[in-house]
Amino acid sequence: METILSLIKGVHIAAGFTALVVAPGAIATIKGSEWHRRWGKIFFWGMATVAMTTLMMGLNNARAFMSLLAIFSFYLAFSGYRSLYCRKPTQSAGPLDWWGSSIALAGSLGLLVWGTMQIMAGERLGVAALIFGVIGLLLSAQDLFRYRHPDPDKKAWWYQHMIRMLAAYIATTSAFSVINFQFLPELVRWLWPTVIGVPGIVIWVVYYKRRFAPTISVQDA
């Protein structure tokens, strides 16, 4: 059993490092290009492997927080990747999307419960769990609503893909920070990527919304 756990841990570390390294390649390359898609696929499967191995290790050690966090982190990449399959109005969410969002919703509620219990016990880590739980709850609930009421914006899939994949990268960076930046307080190690990354995502979305906005000529005005 010890050998199996060591093997799983090795795969986990390799997949996490791969996702961390290739994500900047997807961000930097031209959107829709071959290399952008290639780096994106490697990042997605790296995140999938990280989530799977985390769950395996978490179940063995009864680590509820890490298991719930694995569901949250992978859902960000999953929903971002799945948005590519719903580009057209005729393409609607399938059972895989409904199941994924429902599981993420349940996992986010689990994070909220776990975080509340930790805060009541005087553990600061509960704050991080509550923050991630709220984010996961809002995103998964938004997706479930969107499946019934599609966004009329033709570029909605674009923003969905960009926001979720960047958020997944923030989650990967957070995991790297927790393990390697031991000189920082524990709560700071968990949250600084979110504090920096979320405003960055907002700025990027605003940039592309302005870029995609229809131009109005003087004659049309």
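Keep in mind that what you see is a predicted model, and the values were worked out from it rather than measured. For every chain, the first residue of the written sequence is number 1, and numbering continues from 1 onward in sequence order. Restriction of local features to residues with pLDDT of at least 70 applies here, the model being predicted, together with a cutoff of 80 or more for giving and counting side-chain atom pairs; totals for whole chains, interfaces and linings are based on all residues. Note that the side-chain values use all heavy atoms of the structure and ignore hydrogens as well as water.

1. Some details on the overall build of the protein chain
Counted only if it meets this: By definition, any uninterrupted DSSP run of H or I lasting at least four residues is a helix, any uninterrupted run of E lasting at least two residues is a strand, and each is numbered from the N terminus. Here the radius of gyration uses the C-alpha set of atoms, whereas the globule reference equals 2.2 Å times the residue count to the power 0.38. Exposure is judged per residue with a 1.4 Å probe applied to protein chains only, and the accessible area is read against the type maximum: over 50% gives exposed, under 20% gives buried, and values in between give partly exposed. Note on contacts: a residue pair is in contact if any heavy atoms of the two residues lie within 4.5 Å.
Along its length, the protein chain carries 7 helices and 0 strands. Starting at the N terminus, the α and β elements of the protein chain follow one another as α-α-α-α-α-α-α. The C-alpha atoms of the protein chain give 19 Å as radius of gyration, which agrees with the globular expectation for 221 residues (17 Å, within 12%). In terms of principal-axis extent, the alpha carbons of the protein chain reach across some 70 × 40 × 40 Å. Out of the 221 residues in the protein chain, the part that is buried amounts to 41%. Taking all contacts inside the protein chain whose residues are at least 6 apart in sequence as the whole, residues at least 24 apart take part in 70%.

2. Thoughts on the packing of aromatic side chains
Keep this limit in mind: Ring pairs are drawn from Phe, Tyr and Trp, using the six-membered ring of Trp, whenever the two centres fall within 6.5 Å, and their geometry is named by plane angle: stacked under 30 degrees, edge-to-face over 60, tilted for the rest. Note on geometry: a ring has a charge over it if NZ (lysine) or CZ (arginine) is within 6 Å of the ring centre and within 35 degrees of the ring normal.
Following the criterion strictly, the structure yields 22 aromatic pairs and no others. Aromatic pair Phe65 and Trp114: ring centres 4.7 Å apart, planes at 15 degrees, arrangement stacked. Taken together, the residues span a long stretch of sequence, with Phe65 in helix α3 (residues 64-82) and Trp114 in helix α4 (residues 95-120) at a distance of 49 residues. With a relative accessible area of 18%, Trp114 lands in the buried category. Here a set of aromatic residues connected by ring pairs shows up, and it is made of Phe44, Trp45, Phe74, Tyr75, Phe78, Tyr81 and Tyr85. Between Arg38 and the ring centre of Trp35, over which it is positioned, the NZ or CZ distance is 4.4 Å.

3. Section: the pattern of salt bridges
The criterion, for reference: Counted as salt bridges are all cases of a side-chain nitrogen of Lys or Arg within 4 Å of a carboxyl oxygen of Asp or Glu.
Tallied over the full model, the rule gives 4 salt bridges. As a salt-bridge pair, Arg82 and Asp97 come within 2.9 Å of each other at their nearest N and O atoms. Of this pair, Arg82 sits in helix α3 while Asp97 is found in helix α4, placing the two residues 15 residues apart along the sequence. The two residues Arg82 and Asp97 agree in class, both being buried. A salt bridge links Arg164 to Asp143; the nearest nitrogen and oxygen atoms lie 2.8 Å apart. With Arg164 in helix α6 (residues 156-180) and Asp143 in helix α5 (residues 125-148), this residue pair connects regions lying 21 residues apart in the sequence. We note that Arg164, like Asp143, is buried. Here the salt bridges share partners, and the residues they tie into one network are Asp143, Arg146 and Arg164.

4. Describing the confidence of the model for the protein chain
Convention followed: pLDDT is a per-residue confidence score from the predictor, ranging from 0 to 100.
Summarising the model, the protein chain shows a mean pLDDT of 87, and 92% of its residues fall at 70 or more. Mean pLDDT values for the elements of the protein chain range from 86 in helix α2 (residues 34-61) up to 93 in α4.

5. Section: α6
Selection criterion: To estimate the expected span of a helix, count its residues, drop one, and scale the result by 1.5 Å.
Here α6 is 25 residues long and its end C-alpha atoms lie 36 Å apart, about the 36 Å a rise of 1.5 Å per residue gives. Among the 25 residues that make up α6, 19 are buried, leaving the element largely enclosed by the rest of the structure.

6. Points about the packing of α5 against helix α7 (residues 186-212)
Note the threshold: Only the contacting stretch of a helix is used when fitting its axis, a line to C-alpha atoms as for every element, and angles between N-to-C directions run 0 to 180 degrees. Roughly parallel means an angle under 35 degrees; roughly antiparallel means over 145; roughly perpendicular covers 65 to 115; every other angle is labelled oblique. Crossing chirality is assigned from the near helix's rotation relative to the far helix, an anticlockwise turn below a right angle marking it left-handed and a clockwise turn marking it right-handed.
Across the interface, α5 lies against α7 with an axial gap of 8 Å and an inter-helix angle of 25 degrees. Judged by the angle between their axes, α5 and α7 are roughly parallel. Note on packing geometry: the crossing formed by α5 with α7 is left-handed. Of α7, the residues touching α5 (which contributes Leu125, Val127, Ala128, Ile131, Phe132 and Ile135) are Glu186, Leu187, Trp190, Leu191 and Thr194.

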